[in-house]
Amino acid sequence: MGNQYIEQAENALLHTYNRYQIVLEKGEGVYLYDDEGKKYLDFAAGIAVCSLGYGHPRYTKALKSQVERLVHTSNLFYSKPAAEAAERLKRAAQMDRVFFTNSGTEAIEGALKAARKYAYTKQSGKYEFIAMNHSFHGRSMGAVAVTGNENYRTPFEPLISGVKFAEYNNLESVKAKINDKTCAIIIEPIQGEGGVYPADKEFLEGVRALCDEHDILLIFDEIQCGMGRSGEMFAWQKYGVKPDIMTMAKAIGNGVPVGAFAMTEEVAGNSLKPGDHGTTYGGNPLVCAAVNEVLKIFEEEQILEHVRKITTYLEESLEKLTAENPNVEARRGMGLMQGLVLKKPVQEVIAKCMEEGLIVISAGGNVLRLLPPLVIMKEHVDEMMQKLEKALA
């Protein structure tokens, strides 16, 4: 049956993905099943989206209940799910104002607009951004413009002007790019697609100090590394370096299409006003019911505490593999966002993992990226290690 659906998709969908030749049909817990019944241990979580795994009873019940009430209404009206989700999310992010979007890319667009509008309101004449090399922020024109990979940018140039790229974890490189036109600096606290690189604490502290000194806004992209993956709700809390604007998506909805950007009251009061920014579907009752329930589950089921505990076991297992397996060069990462630098082609290893019933993905260069659901247990780590060792042999 799988070939039938693959053929249909290949004949109908725009070819913008190099898809694996698998038709996934259902999920249970931390496992996925294809349409032929094969079981896969999922260590990708829909690229860090399905933090609670699949079929969580409370999450499923909340979505079903909201579907029966109201799926969508215009943002010209208030809704109870949106009000509750916004309040919970701003508390979790330790920010003051939240704007819901449909995706992480749209959250980036909103953050960039907010930064430029802030500079406009302040009549500073600033408009330039500093982004990091090897960063990834999305695929819309604005998000691509601040993505530090020429392969993504070149086909779509000219992009928005005024973007400079500095070296990640190199404070002097950032300092050299600052001028009197710099309005914001955008950083992933943990680079994902760029190769799973956590920022150095001193680097983020230094950038924060530079922003304060030069009246520059600091934007953190927490779309992938946020919502518990680091062991804190958001990675900046791990570092103790607070941004002025933060983007999020993926795990905040556990699978429904939702993102958000949040900001301090200072930025909110001097940036986007009615008419400056909007969305038809963003923050509708259905996705906000999902966000609200996810945040409640995180708190009541102590997801962060679990991530911290299981991280220790996962990292010890990966370090042992790195020390003993000649095909693994290094491990890096934080929490349940881990990368293995391989000495053999990463796509070859991914394909063998699929054969063994393990779903993993790649990151920049030759890095195997591990982004499991946050609810994995020790037995899942053990199972993953067994399958991965076979794939690396």
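Further up the page is the structure itself.
So, how was this worked out
Residues numbered from 1 in each chain as written. Predicted model: local features only at pLDDT ≥ 70, side-chain atom pairs only at ≥ 80, totals over all residues. Heavy atoms only, no water. Core = buried A, V, L, I, M, F, W, Y, C linked by side-chain atoms within 4.5 Å. Buried < 20%, exposed > 50% of the residue type's maximum accessible area, 1.4 Å probe, protein only. Helix = DSSP H or I, 4+ residues; strand = E, 2+ residues; numbered from the N terminus. Contact = heavy atoms within 4.5 Å. Phe/Tyr/Trp six-rings, centres within 6.5 Å; stacked < 30°, edge-to-face > 60°. Lys NZ or Arg CZ within 6 Å of the ring centre and 35° of its normal. Axes fitted to C-alpha atoms, helices over the stretch in contact; angles between N-to-C directions. Parallel < 35°, antiparallel > 145°, perpendicular 65-115°, else oblique. Left-handed = near helix turned anticlockwise from the far one by under 90°. Pairing = 2+ DSSP bridges. Polar contact = N/O pair within 3.5 Å; in protein donor to acceptor, adjacent residues only side chain to side chain.

Draft legend 1. Representation of the nonpolar core. Of all hydrophobic cores here, the largest spans 103 residues; its most connected members are Ile185, Ile187, Phe234, Met384 and Leu388. Residue contributions to this core peak at nine residues, all from helix α12 (residues 285–300). Contacts of Leu388, omitting those with residues within four sequence positions, involve Leu321, Leu340, Val349, Cys353, Leu358 and Leu368. Formed by 26 residues, the second largest nonpolar core is a distinct cluster that contains Tyr118, Ala143, Val146 and Ala268.

Draft legend 2. Fine view of the packing of aromatic side chains. Taken as a whole, this structure holds three aromatic pairs when the rule is applied. Ring geometry for Phe99 versus Phe261: centroids 5.1 Å apart, planes at 25°, classification stacked. Placement of the pair is Phe99 in strand β4 (residues 97–101) and Phe261 in strand β12 (residues 259–263), with a sequence separation of 162 residues. Here Lys26 stacks its cationic end above the ring of Tyr33, 5.1 Å away from the centre of that ring.

Draft legend 3. Representation of the packing of helix α4 (residues 80–93) against α12 in the model. Axis separation between α4 and α12 bottoms out at 8 Å; the angle between their running directions is 40°. On the basis of the axis angle, α4 is oblique to α12. Where α4 crosses over α12, the two elements pack in a sense that is left-handed. Counting all contacts with α4, which are made through Pro81, Ala82, Glu84, Ala85, Arg88, Leu89 and Ala92, the residues of α12 involved are Pro285, Cys288, Ala289, Val291, Asn292, Leu295, Lys296 and Glu299.

Draft legend 4. Focus on the sheet that holds strand β5 (residues 128–132). Spatially, the seven strands line up as an open sheet ordered β4-β12-β11-β10-β7-β5-β6, and their pairing is mixed. Looking at the sheet topology across the chains shown, the edges are occupied by β4 and β6 (163–166). In this sheet, neighbouring strand axes are inclined to one another by 20° on average, regardless of whether the strands run parallel or antiparallel. Of the strand pairs in this sheet, β5 and strand β7 (residues 182–187) are connected by three bridges, and their pairing is parallel. Residue pairing across strands places Phe129 opposite Ala184, the latter belonging to β7. Of the strands in this sheet, β4, β5, β7, β10 (217–221), β11 (245–248) and β12 are in contact with helix α5 (residues 104–121), which crosses β11 at around 165°.

Draft legend 5. Here's a closer look at the side chain of Gln237. Relative to the helices and strands, Gln237 resides in helix α10 (residues 235–239). Engagement of the side chain of Gln237 in a polar contact is seen with the backbone nitrogen of Phe234, the distance being 2.9 Å. Leave out the neighbours within four places in its chain, and Gln237 touches Ala92, Ala93, Gln94 and Glu232.

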